[in-house]
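# Remarks on the overall topology
Residue-level listing of the chains:
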Amino acid sequence: MGSTYKILIMGASYGSLLGTKLALAGHSTHLICLPAEADLINKEGAIVRMPVKGREGLVEINSKKLPGKLSAGGTAGVNPSDYDLVAFAMQEPQYRSPGVRELLAAVAKARVPCMSIMNIPPPPYLKRIPGIDADACRSCYTDAGVWDAFDPKLVTLCSPDPQAFRPPEEKVNVLQVRLPTNFKSARFDSDAHTAILRRLEADIEASRFDGIELPVKLKVHDSVFVPLAKWAMLLAGNYRCVQKDTVSPIKDAVHSDIAASRSVYNWVVKLCVSLGANEKDMVPFEKYANAALSLLTPSSAARALANGAPNIERTDRLVQTIAAQKGMRLDAVDQTVALVDGWLEKNRKKAA
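Attention in this report is confined to the structure presented alongside it. (Residues numbered from 1 in each chain as written. Predicted model: local features only at pLDDT ≥ 70, side-chain atom pairs only at ≥ 80, totals over all residues. Heavy atoms only, no water.)

Looking at helix H2 (residues 35-44), one finds that the buried residues are Glu 37, Ala 38, Leu 40 and Ile 41. Phi turns positive, to about 90°, at Gly 45, one or two residues after H2. (Buried < 20%, exposed > 50% of the residue type's maximum accessible area, 1.4 Å probe, protein only. Helix = DSSP H or I, 4+ residues; strand = E, 2+ residues; numbered from the N terminus.)

What follows is the structure in structure tokens.
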């Protein structure tokens, strides 16, 4: 292997999955997170447990035992210019919080290439997609203004297809992967920045843990539409976990009315194709529905609403808004958006 890269990851939940894979491939990663998380990760390592085909139980990876270095800390004193790549791995509402907002501004100013693994594409990435009026989508974000200083050419999107969660009974440095699929990234505008991603892709592919080939790879694609394949999954499953007075597991959201789920899913695929996506880059509904059978808890968005969050990522509203720009609408999607709106209104009233 040639030189190693330094990667800054803003967020330590999904961020620790990506960071651990990069450290296994020999690269140096620094996670931005809360003090309690940072202390534990620095002391005991980031611990990721994942299922591996053909093996009983879960394989446990501790970042302390990997060839690359993984460290963690807060937002203060971080110089983004020291890094080759920055990954956005927090929930979208968190980017306007004190400390994070200032670091984000410093990242934009440093003009470092940035890869988002958020479920909702950051506004600068929307500007890379032909046929979308990105400025008309600003209301879908908690604070679209924090992204205004970014050059769209320096931002790419990586679909966070792997499903992972923090087991509630474990310490905050433990992450468990439930669905070990791949991170699918679009290329950057520039060949030089895309070359960084391709090198990381190759190094992760070649890496082994105790002789085991681990799942969850990084796959780099030339099409800006490939990461949008996640939209259909989010709209058919994750956001449909949100009911009027309760939240349900993703499995139930998808399988309690499979015909309704299929119609939402295929409608979102049709929207992506109308924007310019290739249908073969989208995941077939049957494959998604089969994967959803193992998703036995509500989505992170639904859990956040149930826990009283006043803001969540609104991919549901974003898809509805972009569809309207194309003259498309679906009652089931409108209903989902209205349900999420209702929960947020209730949560904000309580918080006030």
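The next thing to look at is the state of the cysteines. Taken as a whole and judged by the stated rule, the model has 0 disulfides. There is no disulfide at Cys 33, and the cysteine sulfur nearest it, in Cys 114, is 18 Å away. For Cys 272, which is in no disulfide, the shortest distance to another cysteine sulfur is to Cys 137 and amounts to 13 Å. (Disulfide = S-S within 2.5 Å.)

It is worth spelling out helix H12 (residues 331-351) at this point. In an α-helix, one full turn covers 3.6 residues, which means residues spaced three or four apart are oriented alike. With 21 residues, H12 should reach 30 Å at 1.5 Å per residue; the first-to-last C-alpha distance of 30 Å fits that figure. What H12 keeps buried is the set Val 333, Thr 336, Val 337, Val 340, Trp 343, Leu 344 and Asn 347. The arc that holds the buried residues of H12, viewed along the axis, is 125°, so those residues lie on one side. Every exposed residue of H12 that faces more than 90 degrees away from the buried side is listed here: Gln 335 and Lys 349. Looking at the buried positions of H12, the neighbouring elements they touch are helix H6 (229-238), helix H8 (258-275), helix H10 (300-306) and helix H11 (315-325). (Expected span 1.5 Å × (residues − 1). Arc of directions from axis to C-beta. Contact = heavy atoms within 4.5 Å.)

It is worth spelling out the pairing of strand S12 (residues 218-221) at this point. Only one face of S12 is buried, namely the one carrying Leu 218 and Val 220, since none of Lys 219 and His 221 on the opposite face is buried. Of the pairings in the sheet, the one linking strand S11 (residues 183-186) to S12 comprises 4 bridges and is parallel in character. In the sheet register, Phe 183 faces S12, and the bridge partner there is Leu 218. Crossover connection from S11 via helix H5 (residues 191-206) to parallel S12: handedness right-handed. (Pairing = 2+ DSSP bridges. Right-handed = clockwise from strand over helix to strand, strands pointing away.)

What follows deals with the packing of aromatic side chains. Under the definition given, this model contains 7 aromatic pairs. Consider the rings of Phe 88 and Trp 147, whose centres lie 5.2 Å apart with planes at 75°: the pair is edge-to-face. Here Trp 147 lies in the loop between helix H4 (123-126) and strand S8 (155-160) and Phe 88 lies in strand S6 (residues 85-88), a separation of 59 residues in the sequence. In this pair, the class of Phe 88 matches that of Trp 147, namely buried. Between Tyr 265 and Phe 285, the aromatic rings sit 5.3 Å apart at their centres with planes inclined by 65°, giving edge-to-face as the arrangement. Linking Tyr 265 in helix H8 with Phe 285 in helix H9 (residues 285-292), this pair joins segments that are 20 residues apart in sequence. Both residues of the pair, Tyr 265 and Phe 285, count as buried. An aromatic cluster of at least three residues, connected via ring pairs, comprises Phe 88, Tyr 95, Trp 147 and Phe 150. The ring of Tyr 83 has Lys 6 lying over it, and the distance from NZ or CZ to the ring centre is 5.1 Å. It is Lys 346 that lies over the ring of Trp 343; its NZ or CZ is 4.2 Å from the centre. (Phe/Tyr/Trp six-rings, centres within 6.5 Å; stacked < 30°, edge-to-face > 60°. Lys NZ or Arg CZ within 6 Å of the ring centre and 35° of its normal.)

Just distances and angles here, no functional claims.
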